[in-house]
Amino acid sequence: MKFITRFVITALAVAAAAWLVPGIRIEGTAGWWAVSVMALVLGLLNAVLRPLLTFLSCGFIILTLGLFMLVVNGLTFWAGSWVAVNWFNVGFYVDGLWPAVLGSIVVSIVSFLLSIFLPDEKKQKSAA
């Protein structure tokens, strides 16, 4: 159940990024399919590619006091769009690094705001 909830939150956040950020667009008639595929790809890349990019750019992250993580998140978002378009043939396009960075910020904020409304499983288990 937790996976489905996280997936729905990520899909809504990706849809919000496509709606809000110029340079991120969904083409074709299957818009929710494109958003769903992008949410799955983004989840996979956040689990696999993002830690590797974070490790390799550790010096820049320390030098910029963490601001380089915005670039790492943007690169992950951009790579997710590339994978969704080229491997799964869905129409989720990101036109460059800066729309990807802005899109990753929107996805982070929307995911955080939607997660606030979820019940905390740790508190429920300790109360039982």
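Note that the coordinates shown come from a computational prediction; the quantities given were computed from them, not determined experimentally. (Residues numbered from 1 in each chain as written. Predicted model: local features only at pLDDT ≥ 70, side-chain atom pairs only at ≥ 80, totals over all residues. Heavy atoms only, no water.)

Q: What's the story with helix H2 (residues 31-56) in this structure? I'm lost.
A: Because an α-helix completes one turn every 3.6 residues, residues spaced three or four positions apart along the sequence face the same direction. By the largest-angle criterion, Asn46 marks the main kink of H2, which is about 45 degrees. Within H2, burial applies to Ala34, Val35, Ser36, Val37, Met38, Ala39, Val41, Leu42 and Leu45. Of the surrounding secondary structure, the elements contacted by the buried residues of H2 are helix H1 (2-20), strand S1 (24-26), helix H4 (68-88), strand S2 (92-94) and helix H5 (97-116). (Bend = angle between axes of the 7 residues up to and from the residue. Helix = DSSP H or I, 4+ residues; strand = E, 2+ residues; numbered from the N terminus. Buried < 20%, exposed > 50% of the residue type's maximum accessible area, 1.4 Å probe, protein only. Contact = heavy atoms within 4.5 Å.)

Q: Any chance you could explain the pattern of salt bridges here in plain terms?
A: It is possible for side chains of opposite charge to pair when their charged atoms get near one another. Taken as a whole, this structure holds 2 salt bridges when the rule is applied. With its nearest N and O atoms 2.7 Å apart, the salt bridge here joins Glu27 to Arg25. Among the charged side chains, a salt-bridge network with shared partners connects Arg25, Glu27 and Asp95. (Salt bridge = Lys/Arg side-chain N within 4 Å of Asp/Glu carboxyl O.)

Q: Explanation requested: the environment of Leu118 in the structure shown.
A: Turning to its location among the elements, Leu118 is positioned in the loop between H5 and helix H6 (121-127). For the pair Leu118 and Thr5, spaced 113 residues apart in the sequence, the C-alpha separation amounts to 8.9 Å. Here Leu118 is in contact with Thr5, Arg6 and Ile9, once residues within four sequence places are set aside.

Q: Just checking my understanding: could you explain the packing of aromatic side chains for this structure?
A: In this description, a pair of aromatic rings is defined by centroid distance and the angle of the planes. Going through the model one piece at a time under the given rule, you end up with 3 aromatic pairs. Ring centres 6.2 Å apart and planes at 75 degrees place the aromatic pair Phe77 and Phe92 in the edge-to-face group. Here the residue Phe77 occupies a position in helix H4, and Phe92 occupies one in strand S2, the gap between them amounting to 15 residues. Both residues of the pair, Phe77 and Phe92, count as buried. With 6.3 Å between their ring centres and 65 degrees between their planes, Trp82 and Trp87 make a pair best called edge-to-face. (Phe/Tyr/Trp six-rings, centres within 6.5 Å; stacked < 30°, edge-to-face > 60°.)

Q: What is the right way to look at the nonpolar core in this model?
A: Taken as a class, soluble globular proteins show a tendency for nonpolar side chains to be buried jointly. Core analysis: the biggest nonpolar cluster contains 27 residues, and Val14, Ile24, Met38, Phe77, Phe92 and Val107 have the highest contact counts within it. Going through the elements one at a time, H1, H2, H4, S2 and H5 are the ones with two or more residues in this core. For this core, the element with the most residues is H2, which contributes 8 residues. If we skip the residues at most four places from it in the chain, Ile24 touches Ala17, Ala18, Phe77, Phe92, Tyr93, Val94, Pro99 and Gly103. (Core = buried A, V, L, I, M, F, W, Y, C linked by side-chain atoms within 4.5 Å.)

Q: Just checking my understanding: could you explain unusual backbone geometry for this structure?
A: When glycine is set aside, most residues are seen to have a negative phi, and most peptide bonds are trans. Of note in this structure, Leu65 is not a glycine but carries a positive phi near 55 degrees. Tracing the backbone shows Leu65 in the loop between helix H3 (58-63) and H4.

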